[in-house]
Amino acid sequence: MATVSSAPAPGMHQIDLSKLSIQQLLQLKTQLDQEINVFQDSLQTLKIAQGKFMESGECVEKMTPEAKGKTILVPLTGSMYVPGTISDTDNVLIDIGTGYYAQKDAAGAKDYFKRKVAFVTEQIEKIKMLGMEKSKVHKAICMMLEMKVQAQRQSAKPSTS
Amino acid sequence: MAEEIQKKMQKELELLGGIQKEYRKGVALKQQLDSQLNENKAVKEELVLLKKDAEVYKLIGPVLVKQDLEEATQNVAKRMEYICKEIKRADDHISALENKQEAHQENLNKLKNDLNKLKIKA
């Protein structure tokens, strides 16, 4: 599970873009491209995790006392199922990470998934904000790059003609 | 003379490449450790939230083994301690490699300058 620290990286300081050379700007641009890609990847992963937690939460809601004794199909492999009956609707085992499973009652499980969804949503928001900031800088660099290239072209023209 | 410098440059470049490779490996290792630490943190929080009499199982291979809540908490704490130590080690490793990288870069620049000077003279 990834946590996002919003603290700025050490060595980060304000740089006047107009003072950088075309080459430096290009370098910065590729670096930002990579960072934005990483953010998008993590966003995707987090959204998948969010969906899984939500699904599990919905499953717990269905484990009502009325479901006791009902038959279900238990998957042994992805393609093979055996019939079974629900004998305990009050307790569920939850994978809490690193190989640990904890027994919780229905209310506790619901609460667990609610918390997890909230946590992941929070992380998604954080990454979205960071990503937006990065794309702003990215845009600024692209604009500056274009200006520089044009200026260079113009200064090159008179000398050739 | 120029040939000699070029040979030296080649050697420096090779060394630099090796260090960069190791550097990337170090950074990847650190990221892995970081995510492990975060996962353990989440587990620890969850274990603290559990009721005293809640049953905790540990997945060992394909089987779930019942474990004491106390024991599990201790285990997670120990593991976090270990991972923190590993992270510190990885950090040291990375900064050492950074220094090495810089030194080689400097050497390379110096050699480049020497070569340029020779070319101008020639």
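The numbers attached to residues start from 1 for each chain and follow its sequence in the written order. Ligands are numbered from 1 and chains lettered from A, in the order in which they are written. A pLDDT threshold of at least 70 governs which residues receive local features in this predicted model, and a stricter bar of 80 or more applies before side-chain atom pairs are shown or counted, although totals over entire chains, interfaces and linings include all residues. As a rule here, side-chain values come from all non-hydrogen atoms in the structure, and water together with hydrogens is ignored.

An unreviewed UniProt entry lists chain B under the name Probable prefoldin subunit 6, with Arctia plantaginis given as the organism. UniProt positions are given in the numbering used here, feature names are shortened, and annotations may be inferred rather than shown by experiment. Annotation of chain B in UniProt includes, under Sequence similarities (unreviewed entry), the sentence "Belongs to the prefoldin subunit beta family." Entered under Subunit (unreviewed entry) in the UniProt record, the comment concerning chain B runs "Heterohexamer of two PFD-alpha type and four PFD-beta type subunits."

The name given to chain A in an unreviewed UniProt entry is Prefoldin subunit 5, and the organism recorded there is Arctia plantaginis. Checking UniProt for chain A, the heading Sequence similarities (unreviewed entry) contains the comment "Belongs to the prefoldin subunit alpha family."

How do you make sense of the confidence of the model for chain B when you look at a structure like this?
Fine structural detail should not be taken from predicted coordinates in areas where pLDDT scores are low. For every residue, the pLDDT score states the predictor's confidence, bounded by 0 at the bottom and 100 at the top. Averaged over all residues, the pLDDT of chain B equals 93, while 100% of them reach at least 70. Two numbers describe this predicted complex: its pTM, 0.76, and its ipTM, 0.72.

How should I be thinking about the interface of chain A and chain B in this particular structure?
A common way to express how large an interface is: the accessible area buried when the components associate. Only heavy atoms matter for contacts: two residues are in contact if any of them lie within 4.5 Å across the pair. Listed per partner, the contact involves 16 residues of chain A and 23 residues of chain B. Summed over both partners, the accessible surface that disappears when two parts come together, traced with a 1.4 Å probe, is what is meant by buried area. Regarding the contact of chain A and chain B, the summed buried area is about 1,700 Å², with carbon and sulfur atoms giving 55% of it. Counted as salt bridges are all cases of a side-chain nitrogen of Lys or Arg within 4 Å of a carboxyl oxygen of Asp or Glu. Along the contact surface separating chain A from chain B lie 3 salt bridges. Two residues, Asp105 of chain A and Lys51 of chain B, come together in a salt bridge whose shortest N-O distance is 3.1 Å. For the purposes of this entry, the term helix denotes a DSSP run of H or I that reaches at least four residues, the term strand denotes a run of E that reaches at least two, and both are numbered from the N terminus. Looking at the side of chain A that touches chain B, the elements that each hand over two or more residues are strand 3 (91-97), strand 4 (100-105) and helix 2 (106-160) of chain A. Looking at the side of chain A that touches chain B residue by residue, the class counts come to 7 nonpolar, 5 polar and 4 charged. For strand 4 of chain A and strand 1 (residues 56-60) of chain B, the ladder comprises 3 bridges, and the chain directions are antiparallel. By the bridge assignment, Ala102 of chain A is partnered in strand 1 of chain B with Val56 of chain B. When residue character is reported, Ala, Val, Leu, Ile, Met, Phe, Trp, Tyr, Cys and Pro are called nonpolar, Asp, Glu, Lys and Arg charged, and the others, Gly included, polar. Strand pairing is assigned whenever DSSP detects at least two bridges linking the two strands.

What is the right way to read the nonpolar core from this model?
A general trend in soluble globular proteins is that nonpolar side chains are found buried together. Side-chain atoms within 4.5 Å are what join buried Ala, Val, Leu, Ile, Met, Phe, Trp, Tyr and Cys residues into a set we call a nonpolar core. For every residue, the accessible area (1.4 Å probe, protein chains only) is compared with the maximum for its type, and the residue is labelled buried under 20%, exposed over 50%, or partly exposed between those bounds. Counting 31 residues, the largest nonpolar core has Ile94, Ile96 and Tyr100 of chain A together with Leu47, Leu50 and Val56 of chain B as its most contacted members. Where this core is concerned, the elements lending two or more residues are helix 1 (22-62), strand 3, strand 4 and helix 2 of chain A together with helix 1 (2-49) and helix 2 (69-121) of chain B. Formed by 7 residues, the second largest nonpolar core is a distinct cluster that contains Leu20, Leu25, Leu32 and Leu145 of chain A.

Explain the environment of Lys66 of chain B to me, please; I cannot follow it from the model alone.
If you trace the backbone, Lys66 of chain B turns up in strand 2 (residues 63-67). Residues Lys66 of chain B and Val56 of chain B, 10 residues apart in the sequence, show an inter-C-alpha distance of 6.0 Å.

Before we go on, may I ask you to explain the sheet that holds strand 4 of chain A in this structure?
Within a beta sheet, neighbouring strands are joined by backbone hydrogen bonds and run either parallel or antiparallel to one another. The antiparallel open sheet is built from 4 strands, whose spatial order is 3(A)-4(A)-1(B)-2(B). Two strands bound the open sheet, and with one partner strand each, they are strand 3 of chain A together with strand 2 of chain B. Strand-to-strand, the axes of this sheet are offset by a mean angle of 35 degrees, without reference to chain direction. In this structure, strand 3 of chain A lies alongside strand 4 of chain A, joined through 6 bridges in antiparallel fashion. Its bridge partner lying in strand 4 of chain A, Asp95 of chain A is registered against Tyr101 of chain A. Working convention: axes come from line fits to C-alpha atoms, limited for helices to the stretch in contact. Angles between N-to-C directions cover 0 to 180 degrees. Sitting on the sheet, helix 1 of chain B touches strand 3 and strand 4 of chain A together with strand 1 of chain B, and the angle it makes with strand 3 of chain A is about 145 degrees.

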